[in-house]
Amino acid sequence: MHIQIKDVRKVFEGRGDEKVEALSGIDLTVSENEFVAIVGPSGCGKSTLLEIVAGLTEPSGGEVLIGRDPINGPHPEVGIVFQQESTFPWRTVLENVEFGLEMHGVGKKERRERSLELIELVGLQGFEGRYPGELSGGMRQRVAIARTLVMDPGVLLMDEPFGALDEQTRLILGDELLRIWSRTEATALFITHSIEEATLLSDRVVVMSARPGTTRKVVEVDLERPRDSSVVSTPEFGRLTGEIWEVLREESMKTLKGQERGGS
Amino acid sequence: MSFGAKVRLTRWAVVLAAIAALEVMPRIGFGDSITLIPLSEILPELFEMIASGEMTEHLLATGGAFALSFLLAAVTGVPLGFLLWRYKPLKRTLDPYLTTYYAIPIFAFYPLLLAVLGFNIWPIVFIAWAWAVVAVVMNTAIGFGEVPQVLTKVGKSMNLSRWQTISRIFFPAAVPYIFTGLKLGMVYSLIGVIASEFVLSTRGLGYLVSYSYVNFTTAAMYAAMLLILALAILLNWALGGIERRLYGNV
């Protein structure tokens, strides 16, 4: 299932006449089963873009298509994983993963089977009966990923799912994510501020401009699949991250200068 | 010894020291025998009063009024707290009243309550309920307001109905706050009942304390106080147990 983002704009109404343009005309197509990462300076509107694709935020202009369906609310084929802590602390790991199926009336036996399968896929077997409070941050994010994947989404959106974790853990979970994703048929759109993570995971990296966000550059990542974090040390990886950094640096400078002038 | 073990040991030491002080102080002549008597004389009196059935009437009266007022506070307070969170204009309107509520000495209105409700259990239940309910309302409203936005986004992205979002996300997420309110409400309604019984009743543990005090039956007075203390601890512990159960099962 592919994603088409057509000239999507977003303007936030501030107090009074104040208006903040977050996104100014984004065009991006993600093909079936492709993995695309979006990097950009802080505040460039990348999370807003993801929420628009997820149907959680309405765009001010333009449109998003999932397959053939124009988006005007959450689409059943779209799953999303957030950066913030989003597991339910009152449910066990198994009950967290079962949540969506339970809400949609899937029978107990079937949802248990499917959930256990996903728990195994994300490497949490043995923790089914634990509560999120008893797990590490990385493990909780895996629970959130399993809870989204159990719905078998055709499109998987991830908003810096490992953003709160340190770089080493992030690369290792990146490996895990590659392995998990290769087992699903999902089209993936991944937001991050880590160039390494973006390059490691994706087929294409989209670099966004400083606010108002547009697509500044698209870098093809022609590293062979299946891959893992050992590619980080190859010269090809270095060349790609260098290429991305060159553009991102320029945009991040603009953001910084804007902040120094007193904007935000 | 680990830090945790030291903490536990110190806690028990505090309890033991208090008990020892209660026992020793009257024996070494601290205070007169009408005001303070050793624990070893209070406990037999308590057991005697329980065994003879003398305590039953008072325990039932206090227990009944407490149970009634606390349950009423719970079943009215939680929905009211929910409405307060759900309808922002309501909250805006009532906010000044709610924040100054506990400045009102509700107890001072007891003559009016007697006139309106009669000399029966209801003035007591009303005072205890009125004392407890606002703590439940406020904490429930805060609890619903504190639910992280990301959890509602999870619900929305899964196309949950409005009812599912409230019952399966908001409510369980607010449970710890609701229970904070219920625990406070429980203490307030118990205080409300006991204090009301001092003047508004001829039965109950509060009545027994004040009656024994006036009649110099000091052992009976302390026996009643001890029972109130035990009741408060037991109730708090029971509610904590229910919370832990519920939190794992919603």
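Residues numbered from 1 in each chain as written. Chains lettered and ligands numbered in written order. Predicted model: local features only at pLDDT ≥ 70, side-chain atom pairs only at ≥ 80, totals over all residues.

Caption draft 1: Structural detail: the overall build of chain A. A count of helices and strands for chain A gives seven helices and ten strands. The C-alpha atoms of chain A give a radius of gyration of 19 Å, which matches the 18 Å a tight globule of 264 residues would have. Along the longest, intermediate and shortest principal axes, the C-alpha atoms of chain A span 55 × 50 × 35 Å. For chain A, buried positions account for 43% of its 264 residues. In chain A, the proportion of contacts linking residues at least 24 apart, taken out of those at least 6 apart, comes to 71%. (Helix = DSSP H or I, 4+ residues; strand = E, 2+ residues; numbered from the N terminus. Rg over C-alpha atoms; globule rule 2.2 N^0.38 Å. Buried ≥ 20, exposed ≤ 12 C-beta atoms within 10 Å, placed from the backbone. Contact = placed C-beta atoms within 7 Å.)

Caption draft 2: Expanded view of the UniProt feature "transmembrane region" (unreviewed entry) in chain B. All names here are of chain B. The residues that UniProt annotates with the feature "transmembrane region" (unreviewed entry) are residues 65-85, 97-122, 128-148, 169-199 and 219-239. For residues 97-122, helix accounts for 54% and strand for 0%, while the C-alpha atoms at its two ends are 24 Å apart. Helix makes up 100% of residues 219-239 and strand 0%, with an end-to-end C-alpha separation of 30 Å. (UniProt positions renumbered as here; feature names shortened; annotations may be inferred.)

Caption draft 3: Local environment of the packing of helix α5 (residues 110-117) of chain B against helix α6 (residues 121-145) of chain B. Residues and elements named next belong to chain B. Put simply, α5 and α6 touch, their axes get as near as 9 Å, and they point 130 degrees apart. Classified by the angle their axes make, α5 and α6 are oblique. As α5 runs across α6, the sense of the crossing is right-handed. Facing Tyr110, Leu113, Leu114 and Leu117 of α5, the residues of α6 in contact are Trp122, Pro123, Phe126 and Ile127. Classifying every residue of the contact of α5 with α6 gives eight nonpolar, no polar and no charged. (Axes fitted to C-alpha atoms, helices over the stretch in contact; angles between N-to-C directions. Parallel < 35°, antiparallel > 145°, perpendicular 65-115°, else oblique. Left-handed = near helix turned anticlockwise from the far one by under 90°. Nonpolar A, V, L, I, M, F, W, Y, C, P; charged D, E, K, R; others polar.)

Caption draft 4: Highlighting α6 of chain B. Residues and elements named next belong to chain B. Between its terminal C-alpha atoms α6 stretches 36 Å, which fits the 36 Å expected from 25 residues at 1.5 Å a residue. Its maximal kink placed at Ala132, α6 deviates by approximately 25 degrees. With respect to burial, α6 is a largely interior element, 22 of its 25 residues being buried. (Expected span 1.5 Å × (residues − 1). Bend = angle between axes of the 7 residues up to and from the residue.)

Caption draft 5: Up close: the domain arrangement of chain B. Residue and element names in this part refer to chain B. Per the domain assignment, the segments making up chain B are domain 1 (1-36) and domain 2 (37-247). Each of domain 1 and domain 2 has a C-alpha centre, and these two points are 29 Å apart. Taken together, the contacts link eight residues of domain 1 with six residues of domain 2. Among the residues making up the side of domain 1 that touches domain 2, the classes are represented as five nonpolar, one polar and two charged. (Domains from an automatic or database assignment.)

Caption draft 6: Spatial organisation of the sheet that holds strand β4 (residues 61-66) of chain A. All names here are of chain A. Strand order in this open sheet of four strands is β2-β1-β4-β5, and the pairing throughout is antiparallel. Of all the strands in the sheet, the pair left with one neighbour each is β2 (19-30) and β5 (69-70). Direction of pairing for β4 relative to β5: antiparallel, over a ladder of two bridges. Paired with Leu65 across the two strands is Pro70, which belongs to β5. (Pairing = 2+ DSSP bridges.)

Caption draft 7: Here's a closer look at the domain arrangement of chain A. All names here are of chain A. Examined at the domain level, chain A breaks down into domain 1 (3-77 + 155-260) and domain 2 (85-152). Computed from C-alpha atoms alone, the centre-to-centre distance between domain 1 and domain 2 is 25 Å. Opposite the eleven residues of domain 1 that make contact, domain 2 presents nine residues. Tallying contributions element by element places helix α5 (residues 167-183) first for the side of domain 1 that touches domain 2, with five residues. Counted by class, the side of domain 1 that touches domain 2 contains seven nonpolar, two polar and two charged residues.

Caption draft 8: Main features of the UniProt feature "domain: ABC transporter" (unreviewed entry) in chain A. As recorded in UniProt, the sites labelled "domain: ABC transporter" (unreviewed entry) are residues 3-235 of chain A. Annotated as 30% helix and 26% strand, the span residues 3-235 of chain A places its first and last C-alpha atoms 32 Å apart.

Caption draft 9: Representation of the interface of chain A and chain B. At the junction of the two partners, chain A supplies eleven residues and chain B supplies 17 residues. Considered class by class, the residues forming the side of chain A that touches chain B number eight nonpolar, three polar and no charged.

Caption draft 10: Molecular detail of the environment of Phe66 of chain B. Residues and elements named next belong to chain B. Tracing the sequence through the fold places Phe66 in helix α3 (residues 54-86). Between the C-alpha atom of Phe66 and that of Ile194, which follows or precedes it by 128 residues, the distance is 8.7 Å. Apart from residues no more than four positions distant in its own chain, Phe66 is found in contact with Ala128, Ser189, Leu190 and Val193.

Caption draft 11: Representation of unusual backbone geometry in the model. Here the amide bond leading from Arg211 of chain A into Pro212 of chain A is cis, since omega sits at 0 degrees, within 30 degrees of zero. Its location among the elements puts Pro212 of chain A in the loop between β9 (204-208) and β10 (215-220). Residue Pro226 of chain A is reached from Arg225 of chain A by a cis peptide bond, and omega for that bond is -5 degrees. Considering the arrangement of structural elements, one finds Pro226 of chain A in the loop between β10 and α7 (235-260). Positive phi, close to 45 degrees, is recorded for Glu160 of chain A, a residue that is not glycine. In this fold, Glu160 of chain A is placed in the loop between β7 (155-159) and α5. The backbone phi angle of Asn159 of chain B is positive, close to 60 degrees, even though this residue is not glycine.

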